[in-house]
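Reading the structure
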Amino acid sequence: MRDSKFYILLQTGLGRNLVYVFILLNVNICFLFADDWKSDSITIHPVVESKTPKVKKKIDFILIGGAGMANSGSYFDDFIGIAPAFNIGFEIPFTKSHIFSFETTYHSWIGKAKTSSPVVDEYYSKVKDDIYSQSGLSFVLKYYIGSVDSRIRFSLHLGAVASDDPETGLDLGLGIYFKVNQNISIQLLRRILSSGISIETNLTSTPNYYLLNFCYKL
């Protein structure tokens, strides 16, 4: 019976079918593993755009203004002595750290002459009677000592001054800053001017300044 053709065909058919089933199972398993591998290895990460607006770089602009007194100039001491003064200007820092900056300032004083003299009329502008004045425009570079976030900072400046005197001279200065908040600071300034130097006498007609300034950052 086992040697009959029907049994041989049956046995052969079952064997072939088993082979087919085994192959199909392996192929399906491979596809399943392939799908799992794709899902694990290929992951799409959505790009989330930041909603925070970009901060545009801007140049700080600092307004400066205040008042004080003029004194200690060679001719000035002899003919005027002490006079009230004021100044106004602006400053532009070169960087955010505000270590170096450029400043231009208009400064002026007005006072009463001690005595009449041709020297007074020569170097100073007469307002009326014995009242005289002198104005100047300074262009200086400033260097700061201390961090921009510090409560107290110091500054040194050096530049040129053009005054009512026909000659142009130097402007030296030392400042102390007291920070009130992020935008406002108070400055105590000593401005030393040297315009109007006479070659014969080595005397200067332009006085120096003590100033109390308020600085406001726009």
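What this report covers is the structure whose coordinates are included nearby.

Parameters at a glance
- Residues numbered from 1 in each chain as written.
- Predicted model: local features only at pLDDT ≥ 70, side-chain atom pairs only at ≥ 80, totals over all residues.
- Heavy atoms only, no water.
- Pairing = 2+ DSSP bridges.
- Helix = DSSP H or I, 4+ residues; strand = E, 2+ residues; numbered from the N terminus.
- Buried < 20%, exposed > 50% of the residue type's maximum accessible area, 1.4 Å probe, protein only.
- Contact = heavy atoms within 4.5 Å.
- Core = buried A, V, L, I, M, F, W, Y, C linked by side-chain atoms within 4.5 Å.
- Salt bridge = Lys/Arg side-chain N within 4 Å of Asp/Glu carboxyl O.
- Phe/Tyr/Trp six-rings, centres within 6.5 Å; stacked < 30°, edge-to-face > 60°.
- Lys NZ or Arg CZ within 6 Å of the ring centre and 35° of its normal.

1. Topic: the pairing of strand E5 (residues 131-145)
Here 13 bridges tie strand E3 (residues 100-112) to E5, and the two strands are oriented antiparallel to one another. Residue pairing for E5: Gly-111 is matched across the bridge by Tyr-132. Pairing of strand E4 (residues 125-128) with E5 involves 3 bridges; the strand directions are antiparallel. Bridge pairing in E5 places Ser-125 opposite Ser-133. Following E4, the chain reverses through 2 residues before pairing antiparallel with E5; Asp-129 in that reversal takes a positive phi of roughly 45 degrees. Relative to strand E6 (residues 152-163), E5 is paired through 10 bridges, and the arrangement is antiparallel. When the sheet's bridge partners are listed, Leu-137 is paired in E6 with Ala-162.

2. Comments concerning the environment of Thr-115
By secondary structure assignment, the location of Thr-115 is in the loop between E3 and helix H3 (118-123). Judged by its relative accessible area of 42%, Thr-115 is partly exposed. Placed 37 residues apart in sequence, Thr-115 and Asp-78 show a C-alpha to C-alpha distance of 9.0 Å. Once residues lying within four places of it in the same chain are set aside, the contact partners of Thr-115 are Phe-79 and Val-120.

3. Considerations on the nonpolar core
Counting residues in hydrophobic clusters, the biggest one holds 18 residues, and the most contacted among them are Phe-76, Ile-80, Trp-109, Tyr-124 and Tyr-209. Only helix H2 (74-79), strand E2 (83-93), H3, strand E8 (184-193) and strand E9 (208-217) provide two or more residues apiece to this core. Of all the elements, H2 adds the most residues to this core, at 3 residues. Not counting residues up to four positions away in its chain, the partners in contact with Tyr-124 are Tyr-75, Phe-76, Ile-80, Trp-109, Tyr-132, Ser-133, Gln-134 and Ser-205. Counting residues in hydrophobic clusters, the runner-up holds 5 residues, among them Ile-64, Tyr-144, Tyr-177 and Cys-215.

4. A word on the pattern of salt bridges
Under the defined criterion, the tally for this structure stands at 6 salt bridges. Lys-142 is paired through a salt bridge with Glu-91; the nearest N and O atoms lie 3.2 Å apart. Here Lys-142, found in strand E5, pairs with Glu-91, found in strand E2; they are 51 residues apart in sequence, far enough to count as distant. Take Lys-142: its relative accessible area is 2%, and that puts it in the buried class. Using a relative accessible area of 1% as the deciding quantity, one classes Glu-91 as buried. Here Arg-191 ties to Asp-171 by a salt bridge, and the two come within 2.5 Å at their closest N and O atoms. Linking Arg-191 in strand E8 with Asp-171 in strand E7 (residues 168-179), this pair joins segments that are 20 residues apart in sequence.

5. Here we look at unusual backbone geometry
At His-98, a residue that is not glycine, the phi angle is positive and equals roughly 55 degrees. The backbone of Asp-129 shows a phi angle near 45 degrees, a positive value even though the residue is not glycine. Mapping Asp-129 onto the fold places it in the loop between E4 and E5. Overall, the relative accessible area of 61% leaves Asp-129 in the exposed class.

6. Focus: the packing of aromatic side chains
Taken as a whole and judged by the stated rule, the model has 8 aromatic pairs. Pairing Tyr-75 with Tyr-123 gives two aromatic rings, centres 5.0 Å apart and planes at 25 degrees, and the pair type is stacked. Of this pair, Tyr-75 sits in helix H2 while Tyr-123 sits in helix H3, and the two are 48 residues apart along the sequence. In this structure Tyr-75 comes out as buried when scored by relative accessible area, which is 11%. Ring plane angle 75 degrees and centroid distance 5.3 Å describe the contact between Trp-109 and Tyr-124, whose orientation is recorded as edge-to-face. One end of the pair, Trp-109, is in strand E3; the other, Tyr-124, is in the loop between H3 and E4, with 15 residues separating them in the sequence. For Trp-109, a relative accessible area of 1% puts it in the buried group. Each residue in the set Phe-76, Trp-109 and Tyr-124 is aromatic and connected to the rest through ring pairs, giving one cluster. Above the ring of Tyr-210, the side-chain terminus of Arg-190 is found at 3.9 Å from the ring centroid.

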